[in-house]
Amino acid sequence: MTTDKKTSAAPVKPGFFARLAKSDAWWALKGSLSAQLALLTGLVLIVLAAGAPFFSTQNPFDLATIDISFANLPPAWSEAGDPAFLFGTDDQGRDLWSAMLYGMRLSLVISVIAVALSILLGVSLGLVAGFAGGWVDSLLMRICDVMLSFPAILLALLIDGILRAALPAGEHPILPYAVLISAITLSGWVPYARTVRGMTLVERGREYVLSARVIGVRPAVILRRHILSNVLGPVFVLGTLHVATAILTEATLSFLGVGVPPTTPSLGTLIRIGSDFLFSGEWWITIFPGACLVALILSVNLVGDWLRDAFNPALHS
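Residues numbered from 1 in each chain as written. Predicted model: local features only at pLDDT ≥ 70, side-chain atom pairs only at ≥ 80, totals over all residues. Heavy atoms only, no water.

Draft legend 1. Fine view of the overall build of the chain. Within the chain, the secondary structure is distributed over 14 helices and zero strands. From first element to last, N terminus to C terminus, the chain shows the α and β order α-α-α-α-α-α-α-α-α-α-α-α-α-α. Within the chain, the fraction of its 317 residues that count as buried is 41%. Sequence separation of at least 24 residues holds for 70% of the intrachain contacts in the chain that already meet a minimum separation of 6. Accessible surface, the chain as shown: approximately 17200 Å² in total, 69% of it carbon and sulfur. (Helix = DSSP H or I, 4+ residues; strand = E, 2+ residues; numbered from the N terminus. Buried < 20%, exposed > 50% of the residue type's maximum accessible area, 1.4 Å probe, protein only. Contact = heavy atoms within 4.5 Å. Areas by Shrake-Rupley, 256 points an atom, 1.4 Å probe, with all protein chains shown as cover.)

Here it is, written out as structure tokens:
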């Protein structure tokens, strides 16, 4: 008797989009207009920042394309505006639209790198603290308490002074970026460590972890294969929200002069430059970068809230 191959074949596993359509995250997104608008706005801003060389009309890093005679031009729709500069120019003659795109890209790159390092450091220490317990847990949690007493701005000033004193005299083009990334990383890893540590304390008492320890599986393998996969959900949500905080921190530090140099386009430096000309009538240098910064941070925060609700089982029970 022949067997039908179609009936005996293994069932086809649903594809990615099929699984996504049935996920809690998709249903939470469909029911939230604010999350949809935030996700769309965030994606548009990220695409514009990533494709800055294609969407901009000028390279603000290329001094050959900058003419100081075009400094402080108003937006193109103003009477004294120039159609070549949609949002006007800054005090250096740079096209504000192009500077905003490159500045947003710089802010996103710095923030994503800093958040990734914070997750790596915080998750690693949280796993160790929760799994080891005892004096190791107490020591790492006291370090967390100490780090919480240092705001990112104070850490940036401290790191900036240490690096400038430690490095030899001369030009250090990478120093401002190292200061920003170090400050955001050292001030942002604590929430990950505390969250992962609490979840690890729960997971280490479960039967599958106890069984693995009984048969002699190494602690590092248990942490990597069994516990880590169960704590990544909340870490992912925290990371999304932390990106918005990191962008704001980078803009604040650049505004204060601790971040990127004034000659480097950044949302924070553009806002700082514009504040010097705000009361003389050149409002566009501050308003447009500030609006871009608000839209970027707000969209990331709303997307993070959507992910938090999607990964919260209590809201779906």
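There is more to say after this.
Draft legend 2. Molecular detail of helix α6 (residues 96–132). Here α6 contains 37 residues, and its C-alpha end-to-end distance of 53 Å stays within 8% of the 54 Å for a straight helix at 1.5 Å per residue. Positioned one or two residues after α6, G133 has a phi angle of 65 degrees, which is positive. (Expected span 1.5 Å × (residues − 1).)

Draft legend 3. Quick peek at a nonpolar patch on the surface. A surface patch of nonpolar side chains, about 690 Å² in accessible area, is lined by W77, L86, L278, F279, W283 and I287. In this fold, W283 is placed in the loop between α13 (267–277) and α14 (284–310). Classification of W283 by relative accessible area gives partly exposed; the value is 36%. (Patch = residues over 30% accessible without salt bridge, like charges linked within 9 Å, V, L, I, M, F, W, Y side chains within 5 Å. Salt bridge = Lys/Arg side-chain N within 4 Å of Asp/Glu carboxyl O.)

Draft legend 4. Representation of the pattern of salt bridges. Evaluation of the coordinates by the stated rule reveals four salt bridges. Linking D137 and R197 is a salt bridge whose minimum nitrogen-to-oxygen distance equals 2.7 Å. A residue pair is termed long-range when its members are at least 10 positions apart, and D137 in helix α7 (residues 134–148) and R197 in helix α10 (residues 190–203) qualify at 60 residues. By relative accessible area, which is 9% here, D137 ends up buried. Across the salt bridge formed by R194 and D145, the nearest N and O atoms sit 2.4 Å from each other.

Draft legend 5. Quick peek at the packing of aromatic side chains. Per the counting criterion, the structure on display carries seven aromatic pairs. Ring centres of W283 and F288 lie 5.7 Å apart, and the angle between their planes is 55 degrees; this geometry places the pair in the tilted category. Relative accessible area serves as the criterion here: at 15%, F288 is assigned to the buried category. Here the aromatic cluster, defined as three or more aromatic residues joined through ring pairs, consists of W77, F87, W97, W283, W284 and F288. (Phe/Tyr/Trp six-rings, centres within 6.5 Å; stacked < 30°, edge-to-face > 60°.)

Draft legend 6. Examining unusual backbone geometry more closely. The residue N72 is not glycine, and still its phi comes out positive at about 60 degrees. Tracing the backbone through its elements, the reader meets N72 in the loop between α5 (52–55) and α6.

Draft legend 7. A look at the environment of V190. Within the element layout of this structure, V190 appears in helix α10. The exposure class assigned to V190 is buried, which follows from its relative accessible area of 2%. Along the backbone, V190 and I119 are 71 residues apart, and their C-alpha atoms lie at a distance of 9.2 Å. Once you skip the residues sitting within four places of it in the chain, V190 turns out to touch C144, M147 and L148.

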